[in-house]
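Below, each chain spelled out in residue letters.
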Amino acid sequence: MSELLPAEEIAELKRQIAAVHEPRELIVEVLQAVQQHHGWVPDAGVELAAKLLGLSPLQVDEVATFYDKIYRSPVGRKVIHVCDSICCWSRGAESVYRHLQQCLGIAPGETTSDGLFTLLPTCCLGACGEAPAMRIGDRLYGELTVERVDAILAEERQEAEV
Ligand code: FES
């Protein structure tokens with residue numbers, strides 16, 4: 001299981017887990033650590049997390065499948081989370097979403113053939129005042145238009161080539 005996480009990171013997680021009253025509090029952190037190193041969380045990652053936390057794989061997987069920033073299948077290098085909640089839909093998210101699918105040549109849940117982008121719908125990103133919004137990695141983009149989406153994708157592609 002060590003290929004999922006370096007030994008020193010496992011040791012650090014064990015220290016953190018030992019310091020909390022309820023190991024469940026750290027399910028997301030442990031899964032994020034696996035994802036950071038592996039790119040996504042395979043079954044073996046859920047099993048590793050469960051073992052570290054003293055929980056069953058099912059208990060860990062319930063959280064993993066609920067939390068949409070944990071990826072249980074392979075994703076591209078950049079994951080585009082497009083908000084599909086009410087404020088964004090009322091401010092034109094549908095056309096933005098359609099445009100993203102056309103530009104990328106993929107449907108929701110798919111990854112571009114170059115492995116760069118995965119497109120996923122998500123619930124409210126907390127940026128309703130800037131709707132429609134999407135998140136790519138740690139970057140939140142608001143007030144999206146078709147033109148702005150083109151510029152953002154070009155910037156993100158350029159950054160990936162560097
Ligand atoms: S509804 Fe889209 S950011 Fe809140």
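Because the structure is a prediction, the values reported are computed rather than measured.

### Observations regarding the overall build of the chain
Scanning the chain from terminus to terminus reveals seven helices and four strands. Each helix and strand of the chain, ordered N terminal to C terminal, gives the series α-α-α-α-β-α-α-β-β-β-α. The C-alpha extent of the chain, read off along each of the three principal axes, is 50 × 35 × 25 Å. Looking at the chain as a whole, 27% of its 162 residues qualify as buried.

### Remarks on the packing of helix α2 (residues 27–38) against helix α3 (residues 43–53)
Direction vectors running N to C along α2 and α3 enclose 140°, while the axes themselves pass 10 Å from each other. Put simply, α2 runs oblique to α3. The element α2 and its partner α3 pack so that their crossing is right-handed. Each of I27, V30, L31, V34 and H38 in α2 lies in contact with α3, whose residues at this interface are G45, L48, A49, L52 and L53. Looking at the contact of α2 with α3 residue by residue, the class counts come to eight nonpolar, two polar and no charged.

### Points about the nonpolar core
With 18 residues, the main nonpolar core has V82, C83, L100, A133 and M134 as its most contacted residues. Put simply, the parts of the chain that give this core at least two residues each are β1 (78–83), α6 (93–104) and β2 (117–122). For this core, the element with the highest residue contribution is α6, accounting for five residues. Once you skip the residues sitting within four places of it in the chain, C83 turns out to touch C88, A93, T122, C124, L125, P132, A133 and M134.

### Some details on the packing of α3 against helix α4 (residues 57–66)
Running from amino to carboxyl end, α3 crosses α4 at an angle of 120°, the nearest separation of the two axes being 8 Å. By crossing handedness, the relation of α3 to α4 is classed as right-handed. In this structure, α3 contributes V46, E47, A49, A50 and L53 to the contact, and α4 contributes P57, Q59, V60, D61 and A64.

### Quick look at α3
Here α3 has its buried residues at G45, V46, L48, A49, L52 and L53. The buried side chains of α3 occupy one side of the element, clustering within an arc of 160° when seen end-on. Of the surrounding secondary structure, the elements contacted by the buried residues of α3 are α1 (7–19), α2 and α4. One or two residues past the end of α3 sits G54, with phi positive at roughly 70°.

### Describing the pairing of β1
When β1 meets β2, the two strands line up parallel, connected through six bridges. Across the sheet, the residue bridging to V79 is T118, located in β2.

### Focus: unusual backbone geometry
With omega at -5°, the peptide bond leading from A131 into P132 counts as cis. Of note, P132 is situated in the loop between β2 and β3 (134–136). Positive phi, normally seen in glycine, also occurs at E143, with a value near 50°.

### Here's the deal with the sheet that holds β2
Spatial strand order, β2-β1-β3-β4: four strands in an open sheet with mixed pairing. With partners counted over all chains shown, the strands left at the sheet margins are β2 and β4 (139–141), one partner each. Between one strand axis and the next, the sheet turns by 20° as a mean value, whatever way the strands run. Examined bridge by bridge, β1 and β3 share three bridges and lie antiparallel to one another. By the bridge assignment, I80 is partnered in β3 with I136.

What counts, and at which threshold
- Residues numbered from 1 in each chain as written.
- Predicted model: local features only at pLDDT ≥ 70, side-chain atom pairs only at ≥ 80, totals over all residues.
- Helix = DSSP H or I, 4+ residues; strand = E, 2+ residues; numbered from the N terminus.
- Buried ≥ 20, exposed ≤ 12 C-beta atoms within 10 Å, placed from the backbone.
- Axes fitted to C-alpha atoms, helices over the stretch in contact; angles between N-to-C directions.
- Parallel < 35°, antiparallel > 145°, perpendicular 65-115°, else oblique.
- Left-handed = near helix turned anticlockwise from the far one by under 90°.
- Contact = placed C-beta atoms within 7 Å.
- Nonpolar A, V, L, I, M, F, W, Y, C, P; charged D, E, K, R; others polar.
- Core = buried A, V, L, I, M, F, W, Y, C linked by C-beta atoms within 7 Å.
- Arc of directions from axis to C-beta.
- Pairing = 2+ DSSP bridges.

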